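What follows is the residue order along each chain.
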Amino acid sequence: MAKKAVAKLQTGEGRTYSKVIKVEKSPKSGRYFFKEDMVPNEMVEDYFKQK
């Protein structure tokens, strides 16, 4: 059987949010961990600048 391709309708906006992953170090144990967030595209650079 052939698979049927389904077209998605897009609003033209594209993606307005980006998933960002930041590596942080725990002050207690000294271990590294990953922090994941969904951030608006305009705020991605500000997200990485903040501590």
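Since this is a predicted model, take the numbers as computed values, not measurements. (Residues numbered from 1 in each chain as written. Predicted model: local features only at pLDDT ≥ 70, side-chain atom pairs only at ≥ 80, totals over all residues. Heavy atoms only, no water.)

Observations concerning the packing of aromatic side chains
Moving on, step 1. Within the structure shown, the criterion is met by one aromatic pair.
Moving on, step 2. For the pair Tyr47 and Phe48, a centre-to-centre distance of 5.5 Å together with 80° between the ring planes defines the contact as edge-to-face.
Moving on, step 3. Using a relative accessible area of 9% as the deciding quantity, one classes Tyr47 as buried.
Moving on, step 4. What makes Phe48 partly exposed here is its relative accessible area of 40%.
Moving on, step 5. Sitting over the face of the ring of Tyr47, Lys22 holds its NZ or CZ atom 5.3 Å from the ring centroid. (Phe/Tyr/Trp six-rings, centres within 6.5 Å; stacked < 30°, edge-to-face > 60°. Buried < 20%, exposed > 50% of the residue type's maximum accessible area, 1.4 Å probe, protein only. Lys NZ or Arg CZ within 6 Å of the ring centre and 35° of its normal.)

Some thoughts on the confidence of the model for the chain
Moving on, step 1. Here the chain shows a mean pLDDT of 83. Residues at 70 or above account for 71%.
Moving on, step 2. Element-level mean pLDDT values for the chain span from 90 in helix H1 (residues 44–49) up to 94 in strand S2 (residues 32–40). (pLDDT = per-residue confidence, 0-100. Helix = DSSP H or I, 4+ residues; strand = E, 2+ residues; numbered from the N terminus.)

Some details on the side chain of Lys22
Moving on, step 1. Locating Lys22 in the fold gives a position in strand S1 (residues 17–25).
Moving on, step 2. The charged side chain of Lys22 is buried without a salt bridge, its nearest counter-charge being Glu24 at 4.3 Å.
Moving on, step 3. Reaching out from Lys22, the side chain makes a polar contact with the backbone oxygen of Gln50 at a distance of 2.8 Å.
Moving on, step 4. With sequence-adjacent residues up to four places away left out, Lys22 is seen in contact with Phe33, Phe34, Lys35, Tyr47, Phe48 and Gln50. (Lys, Arg positive; Asp, Glu negative; His and termini not counted. Salt bridge = Lys/Arg side-chain N within 4 Å of Asp/Glu carboxyl O. Polar contact = N/O pair within 3.5 Å; in protein donor to acceptor, adjacent residues only side chain to side chain. Contact = heavy atoms within 4.5 Å.)

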